[in-house]
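What follows is each chain in one-letter form.
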Amino acid sequence: MQSPENEPGSHTNRADAERVKGNIVQARDVGGINIYGSRSAAQELAVPRQLPGDVSNFVDRGPELTALAELLASAGEQGSNSAKVIVISGSAGVGKTALALRWAHSVRSRFPAGELYVNLRGYDDGPPQDPSVVLDRMLRALGVPGSAISSDTEDRSAALRSLLADRDILLFLDNAVSSNQVRPLLPGSARPLVIVTSRSTLPALAARDGARRIRLDILEENDALDLLRTVSQGTRKDSDAELRELASLCARLPLALRIAGERAASRPMMRLTELIEDLRDDSLLWEALSLDDDSSSDAVRTVFAWSYRALSADVARIFRLLGVNPGDDIGLSGTAALAGAPVRTARRALDLLVGAFMAESSAPGRFRLHDLLKAYALAEARAAHAPDELRRAVRRLSAWYAATVSESAKLLTPGDAAPMPVDEPGIPAPLSFADSVVALDWFELERPNVVATARAALEEELFDSAWLLALAARPILMHHFVFDDWDVLSGVAVTAARALRDPARLATALQNRGNYLFRRRRLDEAREILEEALRVRENIGEEHAVCESLNALGLVRLWSRELDQAAELFRRAAAGFRDVGDQRWESLALSNVAETYLEGGDAERALELVGQLPTVFERLGDVAMQGNALWLIAWGERLRGDLATASAGIHSALTLAEAASNRMWEAFWLIEAARIHLAEGAFDEAMNCCSMAASLQRQIGDTGREALALGCAGEVLQALGNLDDAASFHRQALRMHEAVGNVWQSALALANLADCENSRGDSVSSQALSVRALELIEPFHDGPAETLRERLIRLADGRHTNS
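All values reported here derive from a predicted model rather than from experimental measurement.

## As for the overall build of the protein
(1) Moving on: Summing up its helical and strand segments, the protein has 37 helices and 10 strands in all.
(2) Moving on: Within the protein, the proportion of its 803 residues that are buried is 57%.
(3) Moving on: For the protein, contacts bridging at least 24 residues in sequence account for 70% of all contacts bridging at least 6.
(4) Moving on: By element, 48% of the accessible surface of the protein is carried by carbon and sulfur atoms, the whole surface being about 31600 Å².

Given below as structure tokens:
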């Protein structure tokens, strides 16, 4: 409420805003009247290209590829509206992902809407991916702004089904652990194709969701020999008998065969019989390590040990530490930080590991270990290194992430990016970014790894590292509406700060957590946390920080419509900011005071405060707050009846939004433009503004402000005498205000609906609605509340009102 984003001290981020642009998409169809624009939501979506590269040295699998083609054809012929789901199952290392990738690349041209890929991490050392988090990433990859993504898993799942319903898109869900993990990610129509890989056959997915399944077995002997020959690239002249014995020792599993074949190719002068004997000897290493209890896993583990022992000391160390990496993948500089090694050393090691099939390049500059290899690397790391050494690796990685996240925040959120001093020896310099787009792309790519690393640091009791990384990400998460990760990291920061017993860090972490809770409209929790932050800051004596907490608590009070208390908190904050010489924050707090006056109907006092603020913010270069001040002026002038000045003010605000290509600002300020047009009797213009505002708010995902636009449209229709449609709009606005917990706006919607029912002659419904509204506004006693109460009492008594 202090700015278009309703966030303490916020600067709207242009990179996020530019994701919400183009023509308006359809918002909703209420009461037979469409609030719409010129393009469909599907046309606005991004076309993701996330499919990893095809697998090298792929051999045959002809029968399985034919079977997959037949399954796809039969799924398409059935004419069902359910999603086409194909599950590829098999034991670890059997080549499920390789087969799925080869086939996906062969059919990708049939899916022009793109490909989504996610590693569900069903068999990693850590927890499997949460479907809700996966849905968030998928929706963002499709171009949905973070502000449009619900916190509810079912809502996210429904949104994905809606977006994919008419799109020819391929979804690759790798390493699923259960049907329950997959089911929320499934489209609801037959046009998309879903490929799932799992060690399980996922029978529940077949029974309930119609998934077709193919069970992948070990390679046929001839295929295994072909793979060995392909990997060795003709550098050896081994007999078929020797190759058969090597293939048998590898259990004819592609992962083991690739590693063994590369090991043999790297020693062209050594007889294969010697290598085979060496491989047999290394099987003794596995007596102490148990991943799975079957012969196939024993063979894979033996080949791992055999290849691992051939690595140089430096490369073997980096391989071990890759097993410690908390994330799913890692970049070159991240690897160097993890190992505490120069970047050139990390590059050489990664090249050698990829060449030996001990690591894979998941994308240009990105590296990951197969889940079996990662488990093996972690076991070797725990055996070879003291716990403190492994903790230092996590500490180095966390510090490097914190430093690079801080660099990205300087471009993405310059107004809120606080310097995060990182003093950790042995890590490479943080990455730098050419512009905000590059910075955001990097952050989106690394975001899951940042969260995983912060969690790992907390688990390892590296509390300072966990706090630093969590707070470094705060401004980006806040401005890009990454609520799932903000939730996790704000909790990490508070837990770490309490463990550190550092009041200053605790206050910062509490403020961050309180801001998250406020943005989620968990107001009671937000108030409790923010009040604790205020107490801690008052004890420390940090005046600027105290004022930030006062401002944040004022916003909570404003949202709860405790107007007098909110105004007092804002005034105290403004005075404190003035004392420390921060004009931007002082002006921001004064804007908030003005907004409380306007909510209370006192336009004169509000305009006295806000009249000079557009000039102040313009001089400070804060376009968001400049437009916000113009919006407040337009609101105040409308309340006191100067519609010409009000119109000029809102026009200036919308001009700023247009120049910045910021649809979030535009969406909010259009609602005031509609109200001004309504007051002028310019009903067509008012409805047009309502239409655009509702469409944009729907696209942005701000339910509360979409409801304001729909309610205003209902008032326009009331003024035109179209009571049936007006009532439909007010009912929809009421449902949405109730959904976000806005009691005051719910009461206003009920009052407008009661007016409609009264004018239509249904006094019983009108009275019932009025009584409900009176109950809601019972705690409120400001000027507008008393006016509304009188209006509702008349309606409850059955007296007609035109208010």
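Okay, back to it.
## A look at the nonpolar core
(1) Moving on: Formed by 232 residues in total, the largest nonpolar core has its most connected members in Leu-193, Phe-319, Trp-467, Ile-650 and Trp-669.
(2) Moving on: Core analysis: the second largest hydrophobic core is formed by 31 residues, Ala-83, Leu-139, Val-196 and Leu-202 among them.

## Thoughts on the environment of Ser-408
(1) Moving on: Within the secondary structure, Ser-408 sits in helix α18 (residues 387-412).
(2) Moving on: Owing to a relative accessible area of 0%, Ser-408 belongs among the buried residues under this scheme.
(3) Moving on: In sequence terms Ser-408 and Ala-439 are 31 residues apart; their C-alpha atoms lie 5.0 Å from each other.

## Digging into the pairing of strand β3 (residues 84-89)
(1) Moving on: Extensive coverage of β3 is indicated by the burial of 6 of its 6 residues.
(2) Moving on: Of the two faces of β3, the one carrying Lys-84, Ile-86 and Ile-88 and the one carrying Val-85, Val-87 and Ser-89 are both buried.
(3) Moving on: Alignment of β3 against strand β7 (residues 212-215), held across 4 bridges, turns out to be parallel. Paired with Ile-86 across the strands is Arg-212, a residue of β7.

## Description of the pattern of salt bridges
(1) Moving on: Scanning the entire structure with this criterion turns up 46 salt bridges.
(2) Moving on: Two residues, Asp-226 and Arg-229, come together in a salt bridge whose shortest N-O distance is 3.4 Å. On the criterion of helical spacing, the pair formed by Asp-226 and Arg-229 is a turn pair, its members being 3 residues apart in helix α9 (residues 221-232).
(3) Moving on: By relative accessible area, Asp-226 is classed as partly exposed at 35%.

## Some words on the sheet that holds strand β10 (residues 366-368)
(1) Moving on: Strand order in this open sheet of 3 strands is β8-β10-β9, and the pairing throughout is antiparallel. Unpaired on one side and paired on the other, β8 (330-331) and β9 (360-363) mark the two borders of the sheet.
(2) Moving on: Judged from the 3 bridges that link them, β9 and β10 form a sheet pairing that is antiparallel. Considered in β10, the bridge of Glu-360 is made with Arg-368.

## Re unusual backbone geometry
(1) Moving on: Despite not being glycine, Asn-175 shows a phi value in the positive range, around 60°.
(2) Moving on: You can call Asn-175 buried: its relative accessible area is 11%.
(3) Moving on: Even without a glycine there, the phi angle at Phe-357 is positive, about 60°.
(4) Moving on: Mapped onto the elements, Phe-357 comes out in the loop between α16 (343-355) and β9.

## What about the state of the cysteines?
(1) Moving on: Scanning the entire structure with this criterion turns up 0 disulfides.
(2) Moving on: Cys-690 provides the cysteine sulfur closest to Cys-712, a residue in no disulfide bond, and the two sulfurs are 3.6 Å apart.

## Structural notes on the packing of aromatic side chains
(1) Moving on: Under the defined criterion, the tally for this structure stands at 15 aromatic pairs.
(2) Moving on: Ring centres 6.1 Å apart and planes at 45° place the aromatic pair Phe-319 and Tyr-376 in the tilted group. Placement of Phe-319 in helix α14 (residues 313-322) and of Tyr-376 in helix α17 (residues 371-384) is noted, with a sequence separation of 57 residues between them. Here the two residues Phe-319 and Tyr-376 agree in accessibility, since each one is buried.
(3) Moving on: Measuring from centroid to centroid gives 4.7 Å for Trp-631 and Phe-668, while their planes differ by 50°, and the two rings are tilted. Pair noted here: Trp-631 is in helix α29 (residues 623-639) and Phe-668 is in helix α31 (residues 663-680), with a separation of 37 residues, a long-range link. In terms of burial, Trp-631 and Phe-668 fall into one category: buried.
(4) Moving on: Cluster of aromatic residues (ring-pair linked, three or more members): Phe-304, Tyr-308, Phe-319 and Tyr-376.
(5) Moving on: Cation over ring: Arg-263 sits above Trp-306, and NZ or CZ is 4.7 Å from the ring centre.
(6) Moving on: Over the aromatic face of Trp-559 sits the side chain of Arg-521, whose NZ or CZ is 4.0 Å from the ring centroid.

## Here's the deal with the sheet that holds β3
(1) Moving on: Taken in spatial order, the 5 strands line up as β4-β5-β6-β3-β7 in an open sheet, and their pairing is parallel. Only two strands of the sheet have a single partner each, and these edge strands are β4 (115-119) and β7. On average, each strand axis in the sheet is tilted by 15° relative to the strand beside it, whichever way the strands run.
(2) Moving on: Here 5 bridges tie strand β5 (residues 170-176) to strand β6 (residues 193-198), and the two strands are oriented parallel to one another. Within β6, the residue paired with Ala-176 across the bridge is Ser-198.

## With respect to α31
(1) Moving on: The end-to-end C-alpha distance of α31, which contains 18 residues, comes to 25 Å, matching closely the 26 Å that a straight helix rising 1.5 Å per residue would cover.
(2) Moving on: Judged by how many residues are buried, α31 sits mostly within the fold: 15 of 18 residues are covered.
(3) Moving on: Phi for Gly-681, located one or two positions after α31, is positive at around 80°.

## Focus: the environment of Ala-679
(1) Moving on: With respect to the helices, strands and loops of the structure, Ala-679 is situated in helix α31.
(2) Moving on: Judged by its relative accessible area of 46%, Ala-679 is partly exposed.
(3) Moving on: Between the C-alpha atom of Ala-679 and that of Gly-641, which follows or precedes it by 38 residues, the distance is 8.8 Å.

## Here's the deal with the side chain of Thr-404
(1) Moving on: Take Thr-404: it is sitting in helix α18.
(2) Moving on: Accessibility expressed as a relative area gives 0% for Thr-404, which makes it buried.
(3) Moving on: Those residues in contact with Thr-404 that lie beyond four places of it in its chain are Pro-430, Leu-431, Phe-433 and Trp-442.

## Quick word on the packing of helix α19 (residues 436-459) against helix α20 (residues 463-479)
(1) Moving on: Running from N to C, α19 and α20 cross one another at 150°; their axes reach a closest spacing of 8 Å. Between α19 and α20, the angle is such that the two are roughly antiparallel. Judged by the twist between their axes, the crossing of α19 over α20 is left-handed. Between α19 and α20, the contacting residues are Phe-443, Arg-447, Val-450, Thr-453, Ala-454, Ala-457 and Leu-458 on the first element and Phe-463, Ser-465, Ala-466, Leu-469, Ala-473, Ile-476 and Leu-477 on the second.
(2) Moving on: For the contact of α19 with α20, a count of residues per class yields 11 nonpolar, 2 polar and 1 charged.

## Some thoughts on the pairing of β6
(1) Moving on: Of all 6 residues in β6, 6 are buried; the element is thus mostly enclosed.
(2) Moving on: Of the two faces of β6, both are covered, the one formed by Leu-193, Ile-195 and Thr-197 as well as the one formed by Val-194, Val-196 and Ser-198.
(3) Moving on: Of the strand pairs in this sheet, β3 and β6 are connected by 6 bridges, and their pairing is parallel. Counterpart to Val-87 in the pairing with β6 is Val-196.

## Some thoughts on helix α26 (residues 583-599)
(1) Moving on: Here α26 is 17 residues long and its end C-alpha atoms lie 24 Å apart, about the 24 Å a rise of 1.5 Å per residue gives.
(2) Moving on: By the criterion of burial, α26 is predominantly enclosed, with 16 of the 17 residues buried.
(3) Moving on: Regarding α26, its N-cap is Asp-582, as a side-chain oxygen of that residue lies 3.3 Å from the backbone nitrogen of Arg-584 further along.
(4) Moving on: One or two steps after α26, the chain reaches Gly-601, where phi turns positive at roughly 85°.

Reading the values: the criteria
Residues numbered from 1 in each chain as written. Predicted model: local features only at pLDDT ≥ 70, side-chain atom pairs only at ≥ 80, totals over all residues. Heavy atoms only, no water. Helix = DSSP H or I, 4+ residues; strand = E, 2+ residues; numbered from the N terminus. Buried < 20%, exposed > 50% of the residue type's maximum accessible area, 1.4 Å probe, protein only. Contact = heavy atoms within 4.5 Å. Areas by Shrake-Rupley, 256 points an atom, 1.4 Å probe, with all protein chains shown as cover. Core = buried A, V, L, I, M, F, W, Y, C linked by side-chain atoms within 4.5 Å. Pairing = 2+ DSSP bridges. Salt bridge = Lys/Arg side-chain N within 4 Å of Asp/Glu carboxyl O. Disulfide = S-S within 2.5 Å. Phe/Tyr/Trp six-rings, centres within 6.5 Å; stacked < 30°, edge-to-face > 60°. Lys NZ or Arg CZ within 6 Å of the ring centre and 35° of its normal. Axes fitted to C-alpha atoms, helices over the stretch in contact; angles between N-to-C directions. Expected span 1.5 Å × (residues − 1). Parallel < 35°, antiparallel > 145°, perpendicular 65-115°, else oblique. Left-handed = near helix turned anticlockwise from the far one by under 90°. Nonpolar A, V, L, I, M, F, W, Y, C, P; charged D, E, K, R; others polar. Polar contact = N/O pair within 3.5 Å; in protein donor to acceptor, adjacent residues only side chain to side chain.

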